[in-house]
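Architecture at a glance
Listed below, chain by chain, are the residues.
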Amino acid sequence: MRKRPKDLVRPPPEPRVIVGFDSEWTYAKKGENRILSLQFVVLNADTTATSETCLEPTGPTRRHRIGLGYGLSIALNEARTKGVIPFVPSRLIVACHFARADITTLRDFDAMKRRLTAVRKTYATTGIPLTLKLATPAGPVQCNIRLVDTALLAAVNTKLEKLGADLGLPKILLPAGYAKARMDLFLAERRDEFVNYAMTDARIAALWTARIIDILSSLGLERTIATLGAASVYLARQELANQHVAFHAFLGLEKRRRGKPTPTATLVGLWPFAAQCYHGGKNIAFALGLSPEGRELVDVDLKSAYTSGLALIRVPDWNTARQSTDLADLAVVEDAITFALIRFAFPPETRVPSLPVRTSKGRGLVYPLEGESWCTGPELVVALHQGARIEALSGWRVEWQVSPGLRPFEGFTRRINEIRAGAKQAKDLVLDKTAKEIGNSLYGKIAQAVASQRVIPDDVVSRRTFDTILGKSGKLGPSVISQPMFAAHCTGLVRAALCEALSRLPLTAWLASATTDGFLFAGGIADIDISGPVARAFIAARLRISPGNGEIWEEKHRIPRALVIKTRGTFTLAPPDWQGEAVCAQAGYRLADADAAWFTDLERSRRWIEHYRRREYDTRFENPSLTSLRDQHNKGLDLQRVERLTRWNADFDLKRRLINVRDVDGLIAADTVPWRTVEALEEARDGLENWRKSRRRVLKTAADCHAMTAWTSGSASRLALGSTTQNRLPPLALAAMLAAIHGAFGVAKPPYKMVAEIWTTLCGVPINETNVKDAKRRGAGPDKIQGSIADFTFEDEAFACALLRWRIEAWDVLRELCMPSSQAAKRVEAIVDVVLLEDARDTEFDDLEPDDEPGFDEDLEPDFDFLMDVATPDSAPFDVACANAH
């Protein structure tokens with residue numbers, strides 16, 4: 001064996017180097033930007049020393065762009081010259097914020113793109129690192145490079161300026177007169193300020209990455225990771241190992257020599273059954289419109305809802321998994337883990353039913369009074385306490401292992417809470433937010449791709465991910481810790497806790513909305529009853545996690561008043577001098593950046609409320625998107641804004657039935673009650689959407705709601721007549737037109753042109769000859785139109801009045817069109833009596849008192865003041881049409 005020479009010196013340890021990278025550009029043409037500069041900030045993480053380099057391409061085209069290897073060589077050698085690093089290392093980290101905006105500006109992007117991984121619509125290194133040869137005075141150095149995106153190392157949708165503020169490094173604002181879209185002007189006129197502005201992004205990216213790596217290293221995670229979700233899985237596995245819990249056995253998996261672990265044999269039936277019981281959070285609006293004046297609203301949240309829900313999970317004994325339809329087996333909170341398919345019925349007076357039912361067309365969860373539900377044990381417990389009648393159609397129960405004190409996720413949650421408590425005491429905002437995000441991410445990884453494992457699929461679109469090697473998208477697969485039983489049980493616990501609290505509120509507590517793990521209402525935490533079985537389970541969990549602190553509800557916001565428009569759509573109303581923190585839930589929409597970039601939530605709420613007051617059917621908002629990752633990757637496009645207008649759907653989503661509809665301050669307001677069945681909801685939603693599209697109207701006032709209700713009541717008639725939802729004719733008018741053009745009921749067939757002219761006048765809707773021909777081709781025949789009208793809308797009554805005033809003998813046709821003994825038939829008789837009475841008044845009863853006039857059934861009397869305002873045609877065209885008809 002050769003001896004090591006005594007004079008052989010070991011190489012010095014390599015510095016930990018992080019290079020913050022950012023680019024600035026301006027628009028050149030579609031799909032291509034003009035790159036203005038590349039910024040590199042070389043950070044020695046061991047000494048915190050930095051070196052900054054700004055490089056500008058020699059020309060405007062793609063061939064003038066700078067490659068990553070060239071840029072890093074210049075930046076690292078400059079850092080070595082300044083003494084920031086002793087030499088160019090063999091490995092380093094390149095950090096960006098939203099990496100695909102910057103990496104795609106490099107000349108050699110096409111050569112390295114398949115070595116990157118697409119994660120949450122951006123790029124990062126999750127596998128083998130990039131390998132580049134960097135030029136140094138001593139010769140080329142082969143360097144392994146890992147790309148890190150700071151957007152993946154923070155809470156979702158956190159902007160770079162927020163990261164800078166948490167680090168104490170605020171982002172520099174553009175001077176007045178300059179815009180982000182024309183950075184070339186800023187560079188040409190004020191270069192030094194441009195470089196300082198542009199370099200800030202690279203500084204923040206480098207410093208944030210270094211800080212997160214230090215935090216994760218202190219938690220025992222030594223290797224570089226791409227996301228905080230991956231960090232949560234690593235820490236959870238670490239806690240399981242510390243408690244001597246076998247990872248795969250805990251998840252109910254069998255590890256194979258080759259391939260991925262698979263469910264154990266006893267769970268073959270339970271695995272998809274539990275996935276069917278997995279749903280999202282309870283999101284619903286309980287009211288529409290402005291909240292009661294003078295009643296302060298409080299927004300409360302269930303403390304650490306999902307981490308506490310995970311902390312209630314013990315170690316299952318998967319061998320005990322068995323099927324059962326006994327409610328005594330299935331309706332439990334902590335005794336076992338259970339899932340069920342049930343048929344249920346709540347008492348009619350139930351204010352907040354607690355059993356979820358999935359709807360179609362992506363409308364989410366609804367909570368009706370009756371139906372069938374895939375649910376969990378805690379939800380059954382709450383429903384039974386509410387007096388629900390429940391029949392278990394199928395169910396599963398799994399016992400916990402004997403050791404009652406072993407709760408693997410509880411140790412994880414306790415550790416996260418301890419870290420956050422220490423961070424708050426030390427006023428370390430970065431550590432506090434990072435630990436919180438790691439804790440919340442664990443539930444997301446457990447639930448990842450669980451919905452795609454349902455045997456009975458629904459229309460919820462599964463999350464997709466882009467494969468950078470194949471260049472195409474596919475369904476997002478499960479993580480190493482995905483588990484449908486744990487995911488369903490945890491979400492069921494949170495929904496049950498929320499429903500239990502809502503169902504026990506005083507009837508005087510005005511409810512605004514519920515969102516996932518909290519709700520907004522007129523009251524306070526003292527009004528929330530925590531004596532229920534689910535609340536007691538959460539209290540016990542909180543006491544184990546944070547000894548001495550068993551509070552489970554916390555106040556997030558307190559506002560003077562709110563406008564509730566739909567689920568996740570709530571805005572704050574407050575006096576100009578109000579200083580509190582506002583609630584501003586925008587229901588998936590956003591104001592244009594130019595209007596809202598620096599708005600507070602209160603200012604944003606005020607702007608939304610003004611838009612809500614002025615909105616029409618065609619109200620649209622700019623909803624700019626970005627060039628897709630697929631197009632950037634496959635077509636080599638640069639990142640650009642894709643401007644598009646989106647119609648604003650601010651109508652109430654009808655997850656609950658509207659009652660007591662009224663106007664408050666000029667806007668629609670209503671209370672709500674639960675639907676009896678999910679089918680009633682589906683029918684109402686279809687009716688709303690068809691009415692809105694056909695009439696091009698929105699629910700802005702109570703009159704709009706009444707008009708929508710009246711229009712939807714004629715849906716059966718329109719269906720019988722073969723009418724499309726876009727047909728603007730009232731059902732009775734269409735039926736009468738079909739009778740005329742078919743020559744039914746003794747009516748002579750008039751020319752199409754004449755029909756078009758007459759019906760345009762009678763209905764106030766423009767109709768041409770082609771419309772009449774289409775109506776005959778698509779509509780029902782004479783045998784089907786007879787008795788097709790069962791209910792009258794206001795528009796039907798208006799048409800009947802106009803028609804009978806023009807031709808009183810048309811009443812025989814109208815009687816044939818109406819279903820015998822129906823509401824429509826009675827309304828026709830009433831309208832005929834009124835029209836005849838008006839004719840009689842003109843000749844015989846001019847001198848009689850009102851009480852002496854011939855009468856008719858007052859219950860059936862149409863509101864002629866209203867109808868004639870709507871229905872009476874202008875006299876001139878009406879006379880012309882009559883003349884043409886003669």
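Here's what I pulled together on the structure shown here. (Residues numbered from 1 in each chain as written. Predicted model: local features only at pLDDT ≥ 70, side-chain atom pairs only at ≥ 80, totals over all residues. Heavy atoms only, no water.)

Overview of the overall build of the protein
Put simply, the test is: Helix and strand assignments come from DSSP, with helices taken as H or I runs of at least 4 residues and strands as E runs of at least 2, each series counted from the N terminus. Burial classification: accessible surface area is computed with a 1.4 Å probe over protein chains only, and a residue below 20% of its type maximum counts as buried, one above 50% as exposed, and the rest as partly exposed. The criterion used for residue contact is that any of the two residues' heavy atoms lie within 4.5 Å. Using a 1.4 Å probe, accessible areas were evaluated by the Shrake-Rupley method; residue-level cover was limited to the displayed protein chains. We count Lys and Arg on the positive side and Asp and Glu on the negative side, and we leave His and both chain ends out. Positions of charges follow a simple convention, taking NZ of Lys, CZ of Arg, CG of Asp or CD of Glu.
Regarding its fold elements, the protein presents 31 helices and 33 strands. Taken over the C-alpha atoms alone, the protein extends approximately 130 × 70 × 60 Å along its principal axes. Evaluated residue by residue, the protein yields a buried proportion of 52% over its 886 residues. Partitioning the contacts of the protein with sequence separation of at least 6, the portion at a separation of at least 24 is 71%. As displayed, the protein offers around 40,900 Å² of accessible surface, 52% of which is attributable to carbon and sulfur atoms. Charge separation in the protein, taken as the distance between the mean sites of 116 positive and 110 negative side-chain charges, equals 14 Å.

Overview of the side chain of serine 51
Here serine 51 shows up in strand S3 (residues 50-55). Overall, serine 51 belongs to the buried group, its relative accessible area being 1%.

Description of unusual backbone geometry
One non-glycine residue, arginine 120, lies in the positive phi region at around 50°. In this structure, arginine 120 sits in the loop between strand S5 (117-119) and strand S6 (122-124). For arginine 120, a relative accessible area of 40% puts it in the partly exposed group. Of note in this structure, leucine 654 is not a glycine but carries a positive phi near 60°. If you trace the backbone, leucine 654 turns up in the loop between strand S31 (645-647) and strand S32 (657-664).

A word on helix H16 (residues 533-545)
Keep this limit in mind: Helix span, expected: 1.5 Å multiplied by one less than the number of residues in the helix.
Between its first and last C-alpha, H16 extends 19 Å over 13 residues, near the 18 Å set by a 1.5 Å rise per residue. Of all the positions in H16, only Pro533, Val534, Ala535, Ala537, Phe538, Ile539, Ala541, Arg542 and Ile545 are classed as buried.

Details of helix H7 (residues 228-242)
The first and last C-alpha atoms of H7 sit 21 Å apart over 15 residues, in line with the 21 Å expected at 1.5 Å per residue. For H7, the complete set of buried residues consists of Leu228, Gly229, Ala231, Ser232, Val233, Leu235, Ala236, Glu239 and Leu240. Against the buried residues of H7 lie helix H6 (191-218), helix H8 (247-250), helix H13 (408-425) and helix H14 (429-446). Following H7 by one or two positions, histidine 244 adopts a phi angle in the positive range, close to 60°.

Quick look at the sheet that holds strand S7 (residues 130-134)
We count it as follows: We treat two strands as partners when DSSP finds at least two bridges between them. Axis definition: a line fit to C-alpha positions, over the contact stretch in the case of helices; interaxial angles, taken between N-to-C directions, run 0 to 180 degrees.
Spatial strand order, S3-S2-S1-S4-S8-S7: six strands in an open sheet with mixed pairing. Single-partner strands in this sheet number two, and they are S3 and S7. Averaged over all adjacent pairs, the angle separating strand axes in this sheet is 30°, with direction ignored. Taken together, the six bridges between strand S2 (residues 32-44) and S3 define a ladder with antiparallel strand orientation. Paired with valine 42 across the strands is serine 51, a residue of S3. Relative to the sheet, helix H1 (residues 68-81) contacts strand S1 (17-29), S2, S3, strand S4 (91-96), S7 and strand S8 (141-149), its axis offset from that of S3 by approximately 140°. Seen against the sheet, H6 touches S1, S2, S3, S4 and S8 and runs at an angle of roughly 140° to S1.

Considering the side chain of glutamate 24
As for its position among the elements, glutamate 24 is in strand S1. Beyond its immediate stretch of four places on either side in the chain, glutamate 24 contacts Ile35, Leu36, Ser37, Gln39, Lys180, Met183, Phe194, Tyr197, Ala198 and Asp201.

Some thoughts on the pairing of strand S11 (residues 282-285)
Along any regular strand, the residues point their side chains to alternate faces of the sheet. Of the two faces of S11, the one holding Lys282 and Ile284 and the one holding Asn283 and Ala285 are both buried throughout. In the sheet, S11 pairs with strand S22 (residues 511-516) via four bridges, with the strands oriented antiparallel. For isoleucine 284, the partnering residue across the bridge sits in S22 and is alanine 514.

As for the pattern of salt bridges
Pairing is possible between side chains of opposite charge, provided their charged atoms come close. Our working rule: A carboxyl oxygen of Asp or Glu within 4 Å of a side-chain nitrogen of Lys or Arg is what we treat as a salt bridge.
Scanning the entire structure with this criterion turns up 55 salt bridges. Across the pair glutamate 391 and arginine 343 runs a salt bridge whose closest N-O atoms are separated by 3.0 Å. Placement of glutamate 391 in strand S19 (residues 389-399) and of arginine 343 in strand S15 (residues 336-345) is noted, with a sequence separation of 48 residues between them. On the basis of relative accessibility, which here comes to 42%, the residue glutamate 391 falls in the partly exposed class. Residue arginine 343 is classed as partly exposed on the basis of its relative accessible area, which comes to 39%. One salt bridge in this structure joins aspartate 774 and arginine 777, with 3.0 Å as the shortest N-O distance. Taken together, the positions of aspartate 774 and arginine 777, both in helix H25 (residues 769-778) and three residues apart, correspond to about one turn of that helix. When its relative accessible area of 22% is taken as the criterion, aspartate 774 is described as partly exposed. Three or more residues joined by partner-sharing salt bridges are found here, namely Lys361, Arg363, Glu682, Arg685, Asp686 and Glu689.

A few points about the packing of helix H12 (residues 377-385) against helix H15 (residues 484-503)
The axes of two packed helices give the description: the angle between them and the distance between them. The condition is simple: We call two directions roughly parallel when the angle between them is under 35 degrees, roughly antiparallel when it is over 145, roughly perpendicular when it lies between 65 and 115, and oblique otherwise. Handedness of a crossing is defined here by the sense of rotation of the near helix relative to the far one, left-handed for an anticlockwise turn of less than a right angle and right-handed for a clockwise turn.
Running from N to C, H12 and H15 point in directions that differ by 20°, and their axes come no closer than 7 Å. Accordingly, the angle class assigned to the pair H12 and H15 is roughly parallel. Note on packing geometry: the crossing formed by H12 with H15 is left-handed. For the pair H12 and H15, the contacting residues are Pro378, Glu379 and Val382 in the first and His489, Gly492, Leu493, Arg495, Ala496, Cys499 and Glu500 in the second.

Details of the pairing of strand S20 (residues 464-467)
Across four bridges, S20 lies against strand S21 (residues 472-475) in antiparallel orientation. Note on S21: the bridge partner recorded for threonine 465 is glycine 474.

Description of the sheet that holds S19
Read from one edge of the open sheet, four strands run S14-S19-S15-S18, paired in antiparallel fashion. Both outer strands of the open sheet, strand S14 (322-323) and strand S18 (370-376), are each paired with one neighbouring strand and no more. Note that S15 and S18 share seven bridges and pair antiparallel. When the bridges of S18 are listed, alanine 345 appears paired with glutamate 370. Where H12 meets the sheet, its contacts fall on S15, S18 and S19, and the angle it forms with S18 comes to roughly 135°. Of the strands in this sheet, S15 and S18 are in contact with H15, which crosses S15 at around 60°.

Notes on the packing of aromatic side chains
Worth spelling out the cut-off: Pairing of aromatic side chains requires ring centres within 6.5 Å, counting the rings of Phe and Tyr and the six-membered ring of Trp. Pairs whose planes differ by under 30 degrees are stacked, by over 60 edge-to-face, and all others tilted.
All chains considered together, the criterion is met by 20 aromatic pairs. Seen in terms of ring centroids, tyrosine 612 and tryptophan 648 are 6.4 Å apart; in terms of plane orientation they differ by 75°. Their pairing is edge-to-face. Linking tyrosine 612 in helix H18 (residues 601-614) with tryptophan 648 in the loop between S31 and S32, this pair joins segments that are 36 residues apart in sequence. For the residue pair tyrosine 612 and tryptophan 648, the accessibility class agrees, reading buried in each case. Put simply, the rings of Phe571, Trp608, Tyr612, Phe621 and Trp648 pair up and form one aromatic cluster.

Description of the environment of aspartate 651
Stated formally: Here a polar contact means two N or O atoms within 3.5 Å. Within protein one must be a hydrogen donor candidate and the other an acceptor candidate, and residues neighboring in sequence count only if both atoms are side-chain atoms.
Relative to the assigned elements, aspartate 651 resides in the loop between S31 and S32. Under the relative-accessibility criterion, aspartate 651 is labelled buried at 2%. Not counting the four nearest positions on each side in its chain, aspartate 651 is found in contact with Ile565, Lys566, Arg615, Arg692, Val698 and Leu699. In terms of polar contacts, aspartate 651 uses its side chain to reach the side chain of arginine 615, at 3.0 Å.

Remarks on the packing of helix H4 (residues 160-167) against H14
This is how the line gets drawn: Note that Gly is not counted as nonpolar here; it falls among the polar residues with everything else outside the nonpolar set of Ala, Val, Leu, Ile, Met, Phe, Trp, Tyr, Cys and Pro and the charged set of Asp, Glu, Lys and Arg.
Viewed as axis vectors pointing N to C, H4 and H14 meet at an angle of 130°, and their least axial separation amounts to 8 Å. When the interaxial angle is binned, H4 and H14 end up oblique. Each of Lys162, Asp166 and Leu167 in H4 lies in contact with H14, whose residues at this interface are Leu429, Val430 and Lys433. Residues of the contact of H4 with H14, tallied by class, amount to three nonpolar, no polar and three charged.

What about the environment of alanine 111?
You can see alanine 111 is positioned in helix H3 (residues 109-112). Alanine 111 sits in the exposed class, given a relative accessible area of 72%. Along the sequence, alanine 111 and leucine 817 sit 706 residues apart, while their C-alpha atoms lie 73 Å from each other.

Brief notes about the environment of isoleucine 528
Checked against the element boundaries, isoleucine 528 lands in the loop between strand S23 (518-521) and H16. The spatial distance from the C-alpha of isoleucine 528 to the C-alpha of alanine 790 is 48 Å, given a sequence separation of 262 residues. When residues no more than four places from it in sequence are discounted, the contact partners of isoleucine 528 are Val300, Ala501, Leu505, Phe519, Phe521 and Trp553.

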